[in-house]
Each structure stands twice: as C-alpha cells, then as structure tokens.
Amino acid sequence: MPVTRPSGDQRRRPPLPELLVCLAGALFVLAGAVGLVPARAALALAVAAGCALACVRLAWLAGAPPAPGPSAAPVVRPGPGRDATAGPSGGRPVAAVAEPSPPPAPRPAGPPPGHPVGRAGRQARRAALSRRVAAILDAAVLAAGLTVAVLPLSGPPYRLRVALAGLAVSAPLYAVALLRLPGRSRLAGAERLRRTVDTVGLGISLVFAGWVLLPPDDVPPAARVATVGGGIALAVLLVAALADRRDRPGAARCLGGAAATLAGLALLVVLHAYRAPDGATLVVAPLLLLGALLTAAGARRAATGERPGPDGSPAAWPGLTAPAGIAALAAGHHLWTVGEFTAPAMALGLAVIPPMVLRELLAAADQRRHADRLAAQEERLRRLLGTDQPAPATPAPVADPLTGLADRGELLRRLAGRDGGALLVVDLHPGDDGTGVTDPVLVEATRRLRAGGSPDDLVARLAGTAFAVLTDVGPVLAYALGTRLVAMLTEPCPRPGGTTRLRVGVGLAETTGGDPEDVLRQAELARRRAVQLGGDRVEWYDAYLEEQLVRRLDLERELPGAVARGELDLVYQPVLALADRLPVGTEALLRWRSPVLGTVLPDELLPVAADLDLLGEVGRWVLDRACRQLADWSGSGRELWMAVNVTPRELAAPDFVARTATALAAYEVPPERLVVEVAEPVVAAELPTVVARFAGLRSLGVRTALDDFRAEHASLAQLRRLPIDLLKVGPHLVGPAPDGQPPLIEVVANLGDRLGLEVVVEGLESAAQVAGASRAGCRYGQGFALARPATAERVEAWFEEFPSTPR
C-alpha cells in the first residue's frame with residue numbers, strides 16, 4: 001500500500017468526486033420523495049453512486065503495490081542536522097522524528113532502485129495486512145450497495161430476506177476488517193474498564209430506545225433482532241471511533257463508516273419487517289451513502305500512515321451524557337405516544353442506570369487522583385518558591401534570636417514601595433565533609449554577610465540556612481556583591497574540633513516596585529537555579545526560570561495517564577552496515593504526543609517520569625511496543641534487530657528480565673533481535689545491578705549494549721566488567737585527536753575487536769564522519785547522514801529499497 005501522504009489540502013476538504021456523489025445522492029432522494037422517480041429506484045441510485053466510488057477507491061488500495069522508490073519514504077533520507085535530545089535512557093543524544101520532509105539527498109551506495117525487493121515474499125507484513133483489510137472493506141461496502149440495488153428487482157415477499165442477507169453479510173465483513181486494521185494497541189486496565197463501561201451504557205440506552213420506539217403491537221422477530229443487534233454494534237463502533245479519533249483517525253473514520261452502514265441496513269430491515277411504504281425507505285440513503293464514503297476515506301487515510309490529529313482530549317459524552325439523553329428522549333416519546341411501559345422496557349430502562357453510576361464513580365476516582373496530584377504539585381511548588389512558611393499575620397520581632405538579623409516579615413515591609421536596588425537570597429549547604437550547618441557556623445556566616453555589604457544594606461534571616469540581603473545599589477553592583485559574598489562564605493568556618501566549608505547558592509532579583517512577595521519569589525527561583533547548577537555561584541532571575549517551572553508543572557500534570565490515553569509513540573532510526581550501507585537494525589526512540597504540550601522528547605519526559613514514579617509504566621509500554629514492531633518486521637522476512645534504551649532504575653526492577661522474556665514470548669520475537677542498551681555515564685552508580693541484569697538478559701539470548709561510551713580510564717574499567725555485545729560511541733571520537741595522534745575511534749575499534757564487541761558509531765552527520773568511522777573498522781553506523789528517524793510505516797517503506805539480508 002502506498003505510504004506517501006496526501007497533501008494537506010486533500011485532508012482538509014473532501015475531494016471533488018465525493019462532493020459530486022453526495023450532491024447526486026441528495027438529488028435522487030429528493031426526486032424519490034416528490035414522486036419523480038420510484039422511491040426504491042431513487043434509493044438504489046443514490047446509494048449506488050456512493051458505493052461505486054467507495055468500491056473503486058478500496059479496490060485501488062487493495063491492489064496497489066508497495067511504493068519501492070525514493071518517494072515512498074522521503075523523510076528517512078540522509079540529510080544534515082542533528083537532534084540533540086535524550087533517548088529513553090535520559091542522558092544521550094538521539095534524533096527526533098523528521099516530521100517535515102527534507103529535500104531528497106543522493107542515495108547512499110547500495111542496491112539500485114529497481115532491485116527486486118517488491119516481490120510477494122518480501123512485502124512488509126503491515127502493507128500486506130493493509131491491502132487485505134482494504135479488500136475486506138471493499139466486499140462489505142459492495143454487499144451493502146448490492147442489497148439496496150437488488151431491492152427494486154425483488155418482489156414484496158423477498159425484500160425482507162434481501163435486507164437481512166445484506167446485513168448478515170456486511171456485518172461480519174466489517175468486523176473482520178476493523179479488527180485487523182493496523183495500529184491497534186493494548187489498552188491499560190483502567191482504560192479498558194472505562195471503555196467497557198461506556199460501551200455497555202451506550203449500548204443499553206440504544207437498545208432501550210429501539211425497543212420503546214417500535215410500534216407496541218406485535219413486533220416482528222426480524223425487527224427486534226435488528227434493533228437489539230444494531231444498538232449493541234453501534235455502541236461498540238461509536239465508542240471505539242471516539243477513542244481512536246486522534247491516534248488513529250483513519251481507523252476512526254472506518255469505524256464511523258461501519259456504524260453508519262450497519263445502522264442503515266438495520267433500519268432497512270425494520271422498515272421491511274413492518275412493510276413500511278416505499279417512500280419511508282429513503283431515510284436510509286444518507287446513512288448508507290455516508291457509511292460507504294467514510295469507510296473508503298478512512299481506509300485511504302490509514303494507508304498513508306498519517307500523523308495523529310491535533311485534538312486528543314477524550315470525549316465525555318459516551319459515558320454519561322449520551323446514554324442519559326438517548327434514554328430520556330426515547331422514554332419521553334414513548335410516554336407521549338403510548339402512555340405506559342412493558343416489563344421488558346422498564347427493565348431495559350433501569351439497566352441504563354448502573355453503567356452511568358459506575359462511570360460517574362470512575363470519573364470521581366479520576367478526579368480524586370487528579371486533585372491529589374495537583375495538591376502534591378502545589379506543595380512542591382510552594383517548596384520550590386520558598387513559600388512553605390507564610391509570613392506571620394502579626395508583626396514578628398525584628399531581630400532573630402540567634403543571629404540578631406531582621407526576619408522575613410521585616411524584609412517584606414522594607415521591600416514594599418521600593419523602586420530601585422536589588423535583593424539577594426543566600427542559601428548555605430554543608431560542604432564535602434558532611435558537617436551540618438551548626439549554630440556557631442550560622443553566627444559566623446551572619447558576621448560575614450554583614451561585613452560583605454554596606455552599612456545601609458538590610459541582612460535578614462528567612463528560615464533555617466536561608467538569608468537575604470537587600471541593597472540599594474543597581475543590579476551590576478549587586479551581582480558583584482553576590483560574587484563577593486560567595487567568596488567570603490565559602491572560606492573555611494571554625495567549628496568545635498576543626499573547620500568546615502560551606503557551599504553557597506545566591507539568587508539575585510531587581511526590586512522595581514513590584515509586589516514584595518513576587519520579588520522574593522523571583523530571587524528564590526534564581527537561588528534554586530544556582531544550587532541546581534552546583535552551587536558556589538550567583539544566578540540572575542529572568543522570566544525563563546518561571547517558564548521552566550510552569551513547563552515542569554504542566555509535564556507533571558499531564559504525564560500521569562498518558563500511557564492509558566495512548567499518547568506515547570515510538571519512532572525508529574535505522575542502523576546501517578558501513579561496508580555496504582544495508583540496514584541491519586533500528587533504535588526505538590520515545591516520543592510523547594501530548595495534545596496539550598505537543599511532542600515531548602525523552603530529555604524532558606524521563607526526569608518527570610522518574611519523579612512521579614512512572615518510569616516502570618513507561619518502560620513496560622516501550623518494551624511491549626518495540627517487541628510488537630519487531631514481530632511485524634520479522635514476519636516480512638527481515639531479520640533486523642531493535643535497540644531499546646533503559647535506565648539503571650528500570651534495570652533494578654526485580655522482574656525486568658522476566659518481563660522481557662514475557663514480551664518476547666508474547667510476540668514470538670527471537671531474543672537475539674532485541675538489544676537492551678544503557679548509557680555509560682549513568683552506569684557507574686548502579687554497576688553491580690547493571691552487570692546482574694545484563695547477565696540475565698544474555699542468558700535469554702537478548703543482546704546488550706553500552707551507549708555513550710566515552711573512552712576514558714573509568715569507562716575502560718567498567719567495560720571489562722559489563723557483559724555486553726555492542727559498544728555505541730558518539731561522532732566526537734571520529735575526528736583527529738588534538739595532539740596529532742590517530743583518532744580515538746581507531747583505538748575504540750581495536751579495543752572492540754579484542755573484546756569481541758561490535759562497535760556502532762551514532763550521531764553521524766556528514767559523509768566525512770561516515771568515512772572516518774568506516775576507515776577505523778567500525779562495523780555499523782547511525783545518524784542523519786545515513787537515515788533519519790521516522791514512524792514505523794515510513795521506515796518500513798524505506799526498507800523495501802534494500803534486499804532482506806540477515807545480519
């Protein structure tokens with residue numbers, strides 16, 4: 001199936017043929033309604049036009065060969081540039097998905113475009129699956145169209161049978177096709193429960209509505225079966241369509257098309273079961289026409305591997321509003337026209353209530369969890385801003401009992417109304433000797449703070465080891481004052497039994513007549529930044545600090561539940577053999593497609609996940625998705641390996657090895673096709689754990705890799721202990737050494753040969769770097785100069801240009 005995308009204009013407005021078919025269908029229905037054309041003939045003509053167009057489009061998708069040339073996947077072509085974002089290990093550069101298609105670059109050495117890689121035995125399984133799905137959908141639409149076309153040719157006794165046959169054929173065809181649509185993912189337990197409750201509630205309300213809206217006299221069995229079955233099917237399809245509308249918009253359209261088509265056929269069965277007038281059957285024309293066109297449009301969009309839609313906020317009405325509204329409207333109409341309910345109708349009406357109550361309880365539980373997260377974030381924010389000790393309501397003693405300094409309240413009063421000067425917030429931390437900041441040390445620090453400034457400066461103690469200096473000088477001189485205070489406060493302080501050295505962080509904010517609390521908060525933010533950067537420095541407040549804080553809080557608010565909402569994604573960067581430029585594997589790169597925050601890269605995502613204790617959940621999703629994609633590619637005959645980044649914290653989980661074995665077995669992936677890699681800079685602190693887990697993985701047959709190898713003395717010592725198969729190094733080792741010695745990459749390549757390790761050079765951005773890595777004897781390469789990262793569909797299409805050679 002072609003992987004090229006339609007243009008943006010094609011996706012924003014319907015193509016001309018669809019508009020013409022809809023217009024023709026409306027004219028035929030109007031002609032049938034006013035008697036210019038027999039109603040059944042008008043219905044057949046209106047629906048036939050849409051079904052014919054849909055069948056042609058679906059047949060084209062089912063029969064289209066894979067696109068083998070460069071146009072199939074332009075975004076994974078070599079090109080300049082580098083995305084220095086952290087991978088799932090959190091500490092190394094990886095390349096971001098190349099959403100904007102760069103201009104095509106010359107094709108690297110390898111097989112020519114006409115190489116016979118598009119034969120049936122080498123087609124990607126996903127492409128073949130998409131073509132089969134298109135063929136099944138084509139048959140379903142054709143069955144619905146033929147049902148309406150045959151009705152005018154059938155006698156009255158046979159029309160109900162024709163309608164039933166059409167429904168009986170179309171429904172299972174749609175079910176098979178929709179279950180086989182690419183891109184389906186496993187749902188987390190909570191999300192599966194919510195979707196089940198939504199489906200049950202909506203299904204019962206639709207069945208209740210159909211039950212009470214039918215005439216109360218003898219109900220034909222066919223009408224009852226069509227009503228009950230149609231209500232259940234509609235609920236399943238509509239809830240699934242709403243859930244998939246962002247991540248799988250093509251699949252959502254197919255689901256909506258199936259819902260419209262099956263609803264139209266079920267209504268046709270009911271009308272013929274009651275022997276309704278011919279004109280009444282015209283009401284099914286819009287449903288069948290819309291269903292056919294939506295089905296074809298959804299299949300076409302799913303085939304293009306389109307990006308998720310921008311609106312990812314989950315719809316709430318399937319759970320609460322829709323069931324209540326449908327049941328209430330149906331009950332009101334029944335009371336108005338009939339006046340009483342039968343026992344089965346009352347039972348169905350009451351059955352609507354439990355799913356609604358359960359859905360409300362689930363929503364309340366979600367809100368409680370959300371409120372708890374917000375409370376925790378608020379507390380974290382208060383600590384971050386230094387507002388965990390509010391100013392006293394009554395005036396506090398001006399002098400602090402220990403230091404004789406002004407307190408926080410006096411500082412805020414002096415800040416009020418100032419239109420110049422600066423505020424410095426100073427924080428003291430114990431030095432390397434581990435000695436705490438004792439009272440004698442605080443007294444000595446107070447003396448130095450007073451000595452460092454002028455007599456007109458106000459020195460205050462905020463809380464604990466936090467102090468403030470309010471000065472009248474401008475920001476430049478205030479910065480010099482802060483630097484002087486750092487130098488004075490970091491000198492050794494006498495203490496009983498010896499001396500101690502403090503670490504100091506100073507934050508600086510201008511006092512420009514703003515709210516005193518805001519000025520103090522700004523200085524606190526700058527002081528926090530100084531501590532985060534290692535201390536013994538002065539940091540100046542700017543608005544970017546607050547932007548970082550707000551961004552962090554947004555990430556903490558949105559990340560919980562991202563896995564259940566289907567917002568995580570993987571892109572894949574190919575790894576090539578440097579000798580022949582053939583693909584041998586890929587690296588899975590994590591992306592969070594947040595509907596609120598946009599695409600979030602791992603260097604932002606993973607630290608937040610670690611703080612919120614979500615690393616395990618995210619890591620499990622990455623491993624499962626990577627193994628599933630490996631199974632897809634292995635089924636097409638390509639023996640590629642895939643590297644997955646993990647953190648030492650993930651490896652420390654007792655069940656990590658067992659969980660990996662389970663994922664491999666679930667997707668029947670050969671263990672040697674999976675590579676688990678960890679970044680070398682973060683290994684030292686957890687070296688025994690990493691060694692034990694890597695040994696366990698290798699016992700399964702899984703290969704292991706050390707990423708970001710730095711070729712330093714400590715790195716070499718770790719290398720001898722780690723049970724690894726691959727060594728990944730950055731491009732900085734490829735260039736010549738500053739002292740005229742051979743490039744370090746040659747040393748690393750020789751070391752890898754002696755240790756039996758395969759060396760992968762990543763981050764290659766230029767032909768010169770590729771050539772240097774190849775000359776050094778490195779076997780594999782990865783980077784923008786070879787192939788850009790992209791979605792699975794685009795990388796898969798790019799693979800079609802190469803022979804399927806095992807590595």
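Here is what the cut-offs are and how they apply
- Throughout this document, residue positions are counted from 1 along each chain, in the order its sequence is written.
- The predicted nature of this model means local features are confined to residues of pLDDT at least 70 and side-chain atom pairs, given and counted, to a pLDDT of 80 or more, with totals for whole chains, interfaces and linings taken over all residues.
- Only heavy atoms go into the side-chain values, all of them from the structure, while hydrogens and water stay out.
- When DSSP locates at least two bridges between a pair of strands, those strands are taken to pair.
- Put simply, DSSP H or I for four residues or longer makes a helix, DSSP E for two residues or longer makes a strand, and each gets a number counted from the N terminus.
- Structural elements are reduced to axes, namely lines fitted to C-alpha atoms, with helices fitted over the stretch in contact, and the angle between N-to-C directions of any two is expressed from 0 to 180 degrees.
- Residues count as neighbours in contact if any of their non-hydrogen atoms are within 4.5 Å of one another.
- By convention, the crossing between two helices is left-handed when the near helix turns anticlockwise from the far helix through less than a right angle, and right-handed when the turn is clockwise.
- Polar here means any residue outside two lists: the nonpolar Ala, Val, Leu, Ile, Met, Phe, Trp, Tyr, Cys and Pro, and the charged Asp, Glu, Lys and Arg; Gly therefore counts as polar.
- A pair of Phe, Tyr and Trp rings is counted when the ring centres sit within 6.5 Å of each other, with Trp represented by its six-membered ring. The angle between the planes then sorts it: under 30 degrees is stacked, over 60 is edge-to-face, the rest tilted.
- Throughout this description, buried means an accessible area under 20% of the type-specific maximum (1.4 Å probe, protein chains only), exposed means over 50%, and partly exposed covers the range between.
- When the NZ atom of lysine or the CZ atom of arginine is within 6 Å of a ring's centre and also within 35 degrees of its normal, the charge is said to sit over that ring.
- Expected helix span is given by 1.5 Å per residue-to-residue step, counting one fewer step than there are residues.
- The term nonpolar core refers to a set of buried residues drawn from Ala, Val, Leu, Ile, Met, Phe, Trp, Tyr and Cys, joined through side-chain atoms within 4.5 Å.
- Two N or O atoms count as a polar contact when they lie within 3.5 Å, although within protein this holds only if one can serve as hydrogen donor and the other as acceptor, and sequence-adjacent residues are included solely when both atoms are side-chain atoms.
- The term salt bridge refers to a side-chain nitrogen of Lys or Arg lying within 4 Å of a carboxyl oxygen of Asp or Glu.
- One number per residue, pLDDT, summarises how confident the predictor is, and it ranges from 0 to 100.
- To count toward a patch, a residue needs a relative accessible area over 30% and no salt bridge; like charges are then connected within 9 Å, while nonpolar side chains (Val, Leu, Ile, Met, Phe, Trp, Tyr) are connected within 5 Å.
- In this description, accessible areas are obtained by the Shrake-Rupley approach with a 1.4 Å probe, and a residue is regarded as covered only by the protein chains that are shown.

> I'd love a proper account of the sheet that holds strand S9 (residues 537-540), names of residues and values included.
Within a sheet, neighbouring strands are paired by backbone hydrogen bonds and run either parallel or antiparallel to one another. The strand order S4-S5-S3-S8-S9 describes an open sheet built from five strands, whose pairing is mixed. Each having just a single partner strand, strand S4 (458-463) and S9 make up the two edges of the open sheet. For this sheet, the mean inter-axis angle between neighbouring strands, taken without regard to orientation, is 25°. Strand contacts of helix H16 (residues 516-532): strand S3 (422-430), S4, strand S8 (502-510) and S9, with the helix running at about 140° to S8, the strand carrying the most contacts.

> Could you give an account of the packing of helix H17 (residues 543-558) against helix H18 (residues 602-611), naming the residues involved and the relevant values?
Running from N to C, H17 and H18 cross one another at 65°; their axes reach a closest spacing of 10 Å. For the crossing formed where H17 meets H18, the hand is right-handed. Residues Arg551, Arg552, Leu555 and Glu556 of H17 lie in contact with H18, whose contacting residues are Glu604, Pro607, Val608 and Asp611. For the contact of H17 with H18, the per-class residue count stands at three nonpolar, no polar and five charged.

> Please provide a residue-by-residue account of the packing of aromatic side chains, values included.
Scanning the entire structure with this criterion turns up five aromatic pairs. Judged by centre distance (5.5 Å) and plane angle (75°), the ring pair of tryptophan 633 and phenylalanine 799 falls under edge-to-face. Here tryptophan 633 is found in helix H19 (residues 615-635), whereas its partner phenylalanine 799 is found in helix H26 (residues 792-799), with 166 residues between them in sequence. In this structure, tryptophan 633 and phenylalanine 799 share a single accessibility class: buried. Pairing tryptophan 798 with phenylalanine 799 gives two aromatic rings, centres 6.1 Å apart and planes at 45°, and the pair type is tilted. Given the relative accessible area of 1%, phenylalanine 799 is considered buried. Taken together, the ring pairs in this structure connect Tyr572, Trp633, Trp798 and Phe799 into an aromatic cluster. Lying over the aromatic face of tryptophan 211, arginine 224 brings its terminal NZ or CZ to 3.6 Å of the ring centre.

> An account of helix H9 (residues 285-303) is requested, with residue identities and associated values reported.
An ideal rise of 1.5 Å per residue puts 27 Å on 19 residues; H9 measures up with 27 Å between its terminal C-alpha atoms. All buried positions along H9 are accounted for by Ala285, Leu288, Leu289, Gly291, Ala292, Leu293, Thr295, Ala296, Gly298, Ala299, Arg301 and Ala303.

> Explain the pairing of strand S10 (residues 568-577) residue by residue, including any values.
Taking burial as the measure, the 10 residues of S10 include 10 buried ones, the bulk of the element. Alternating residues of S10 divide into Leu568, Leu570, Tyr572, Pro574 and Leu576 and Asp569, Val571, Gln573, Val575 and Ala577, and every residue in both groups is buried. Between the antiparallel neighbours S10 and strand S11 (residues 583-594) lie five residues, among them arginine 581 with a positive phi of about 60°. In the sheet, S10 pairs with strand S18 (residues 780-781) via two bridges, with the strands oriented antiparallel. Its bridge partner being in S18, alanine 577 is matched across the sheet by tyrosine 780.

> Could you give an account of the packing of helix H14 (residues 439-452) against helix H15 (residues 475-489), naming the residues involved and the relevant values?
Two elements in contact, H14 and H15, have axes separated by 10 Å at closest approach and are oriented at 145°. Between H14 and H15 the crossing geometry is right-handed. Across the interface between the two elements, Ala445, Arg448, Leu449, Ala451 and Gly452 of H14 pack against Leu481, Arg484, Leu485, Met488 and Leu489 of H15. When grouped by side-chain class, the residues that make up the contact of H14 with H15 number seven nonpolar, one polar and two charged.

> Tell me about the nonpolar core, and name the residues and values.
Soluble globular proteins tend to pack their nonpolar side chains together in the buried interior. Grouped together as the largest cluster of nonpolar side chains are 82 residues, with contacts concentrated most on Leu590, Trp592, Leu605, Leu706 and Val761. The element that contributes the greatest number of residues to this core is H19, accounting for 10 residues. Aside from chain neighbours lying at most four places away, what touches leucine 706 is Val678, Ala679, Glu680, Val683, Leu719, Leu722, Ile724, Leu726, Leu727 and Lys728. With 56 residues, the next largest nonpolar core counts Ala134, Val141, Val162 and Leu282 among its residues.

> Which residues make up H17, and what values go with them?
Note on helix geometry: an α-helix contains 3.6 residues per turn, so any two residues three or four positions apart are oriented the same way. Helix length check: H17, at 16 residues, gives a terminal C-alpha distance of 23 Å against a target of 22 Å (1.5 Å per residue), a fit within 8%. The complete set of buried residues in H17 reads Leu545, Leu549, Leu553, Asp554, Leu555, Glu556 and Glu558. At the N-terminal boundary of H17, the capping side chain belongs to aspartate 542, with an oxygen 2.9 Å from the backbone nitrogen of tyrosine 544.

> Talk me through the pattern of salt bridges; I want residue IDs and the actual numbers.
The final tally for this structure, using the stated rule, is 29 salt bridges. When the shortest N-O distance is used, the salt bridge between arginine 418 and aspartate 472 registers 2.7 Å. Placement of the pair is arginine 418 in the loop between helix H13 (408-415) and S3 and aspartate 472 in the loop between strand S5 (466-471) and H15, with a sequence separation of 54 residues. Arginine 673 is the partner of glutamate 639 in a salt bridge, and the nearest nitrogen-oxygen pair spans 2.9 Å. Separated by 34 residues along the polypeptide, glutamate 639 in the loop between H19 and strand S13 (641-645) and arginine 673 in the loop between helix H21 (656-666) and strand S14 (674-679) bring together distant segments of the chain. For glutamate 639, a relative accessible area of 37% corresponds to the partly exposed category. Assessed through its relative accessible area of 10%, arginine 673 is described here as buried. Each of Glu587, Glu677, Lys728 and Glu762 takes part in one network of salt bridges that share partners.

> Which residues make up the confidence of the model for the chain, and what values do they have?
Across the chain, pLDDT averages 79, with 81% of residues at or above 70. Element-level mean pLDDT values for the chain span from 35 in strand S2 (residues 93-94) up to 95 in S13. Confidence over residues 1-12 falls short of pLDDT 50; this stretch has 32 contacts with residues more than four positions distant or in other chains. Within the model, pLDDT remains below 50 along residues 66-124, and this stretch shows 154 contacts once partners closer than five positions in the same chain are excluded.

> Lay out the environment of proline 648 in plain terms, naming residues and giving numbers.
Mapped onto the elements of the fold, proline 648 is located in helix H20 (residues 648-651). For proline 648 and valine 690, which are 42 residues apart along the polypeptide, the C-alpha to C-alpha distance reads 6.5 Å. Excluding anything up to four places from it in sequence, proline 648 contacts Val678, Val682, Glu686 and Val690.

> With reference to specific residues and values, describe a nonpolar patch on the surface.
Together, Leu350, Ile353, Val357, Leu358 and Leu361 make up a nonpolar patch on the protein surface, roughly 450 Å² of accessible area in all. The element that contributes the greatest number of residues to the nonpolar patch is helix H12 (residues 353-385), accounting for four residues. Mapped onto the elements, valine 357 comes out in helix H12.

> Outline the side chain of arginine 659, supporting the account with residue identities and numerical values.
Note that arginine 659 resides in helix H21. Ignoring any residue separated from it by four or fewer positions in sequence, one finds arginine 659 in contact with Arg620, Leu623 and Ala653.

> A description of the pairing of S5 should follow, citing residues and the corresponding values.
In terms of burial, S5 is largely enclosed, as six of its six residues are buried. Residues of S5 alternate between two faces, with Ala466, Ala468 and Leu470 on one and Phe467, Val469 and Thr471 on the opposite face, all of them buried. By the bridge criterion, six bridges tie S3 to S5 in an arrangement that is antiparallel. Bridging from a neighbouring strand, alanine 422 pairs with threonine 471 of S5.

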